[in-house]
Amino acid sequence: MKKMEGKRAVITGAASGLGRAMAVALARRGCRVGVVDIDPEGAEETLRMVKAAGGSGEIYELDVRVAMDWEAMAEHFFSSWDGVDLLVNNAGVVSTGYVGDIPLEDWEWIFSVNFWGMLYGCHFFLPRMKRRGHGHILNVASAAGIFNLLEMAPYNTTKAAVISLSETLREELAPDGIGVTVLCPMFFNTNLLSTMRYT
């Protein structure tokens, strides 16, 4: 997606950190941005930054763990915006500790956000993109999905799954004219620590 002027982008986890930075960067390139997050106050601030950068958009409050809410969001943007060119599955959380010590509830929590939240986005947006014959999905993973950092098994595992699914989708969707990119950043300033669960 080299030409971004007038494109329509939906970004989860856009109320802070990398999601916010991507929203502002896309706004500077003339995109309309769907600022999606569970945090309405942070999303409001991001939308102000999007508009200050010359872009436009709207806020959609979403808990990425809820499949049917994803379906409603996809229908909203594809109907009211007449399509979505780019979906950025960025929302994420982190849980740390040793396997065997980390509560199973923490494993379920991190998978519900980092993996299922990303999968729901693909599941509900891709059929709509296919019907229009174009679109792109950017799934935010992490270098942790490759390097397997100590005491970060839940995070490493979810991000490795994001990488694997993204690479599979890239091949599956090529005949449909839909692109897939997986992003694997190293350490950077983010709000992940504010919600981190540590055992």
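Before reading on, note that the structure itself is shown above.
Residues numbered from 1 in each chain as written. Predicted model: local features only at pLDDT ≥ 70, side-chain atom pairs only at ≥ 80, totals over all residues. Heavy atoms only, no water.

**Concerning a nonpolar patch on the surface**
Taken together, the side chains of I146, F147, L149 and M186 define a hydrophobic patch exposed on the protein surface, amounting to about 410 Å² of accessible area. When you line up the elements, M186 lands in the loop between β7 (178–183) and β8 (197–198). On the basis of relative accessible area, M186 is assigned to the exposed category, the value being 53%. (Patch = residues over 30% accessible without salt bridge, like charges linked within 9 Å, V, L, I, M, F, W, Y side chains within 5 Å. Areas by Shrake-Rupley, 256 points an atom, 1.4 Å probe, with all protein chains shown as cover. Salt bridge = Lys/Arg side-chain N within 4 Å of Asp/Glu carboxyl O. Helix = DSSP H or I, 4+ residues; strand = E, 2+ residues; numbered from the N terminus. Buried < 20%, exposed > 50% of the residue type's maximum accessible area, 1.4 Å probe, protein only.)

**Let's talk about the environment of A9**
Looking at where A9 falls in the secondary structure, it is placed in strand β1 (residues 8–12). The sequence separation of A9 and A23 amounts to 14 residues, and the corresponding C-alpha distance is 8.3 Å.

**Side note on the pattern of salt bridges**
Summed over all chains, the structure comprises four salt bridges. Two residues, R8 and D85, come together in a salt bridge whose shortest N-O distance is 2.9 Å. Within this pair, whereas R8 is found in strand β1, its partner D85 is found in the loop between α3 (67–80) and β4 (86–89), the two being separated by 77 residues in sequence. Among the ionic pairs, R65 bridges to D63, the shortest N-O distance being 2.8 Å. Looking at R65, the relative accessible area reads 39%, which means it is partly exposed.

**Observations regarding the sheet that holds β7**
If you trace the six strands from one edge of the open sheet to the other, you get β3-β2-β1-β4-β6-β7, paired in parallel fashion. Every other strand in the sheet has two partners, leaving β3 (56–61) and β7 as the edge strands with one partner each. Across the sheet, the mean angle separating the axes of adjacent strands is 15° when strand polarity is ignored. In this structure, β1 lies alongside β4, joined through three bridges in parallel fashion. Across the sheet, the residue bridging to V10 is L87, located in β4. Contacts from helix α2 (residues 40–52) reach β2 (32–37) and β3 within the one sheet, and its direction differs from that of β3 by about 170°. Packing of α3 onto the sheet brings it into contact with β1, β2, β3 and β4, and relative to β3 it is tilted by some 160°. (Pairing = 2+ DSSP bridges. Axes fitted to C-alpha atoms, helices over the stretch in contact; angles between N-to-C directions. Contact = heavy atoms within 4.5 Å.)

**Some details on helix α4 (residues 104–132)**
Helix length check: α4, at 29 residues, gives a terminal C-alpha distance of 41 Å against a target of 42 Å (1.5 Å per residue), a fit within 8%. At the C-terminal side of α4, G133 shows a positive phi close to 75°. (Expected span 1.5 Å × (residues − 1).)

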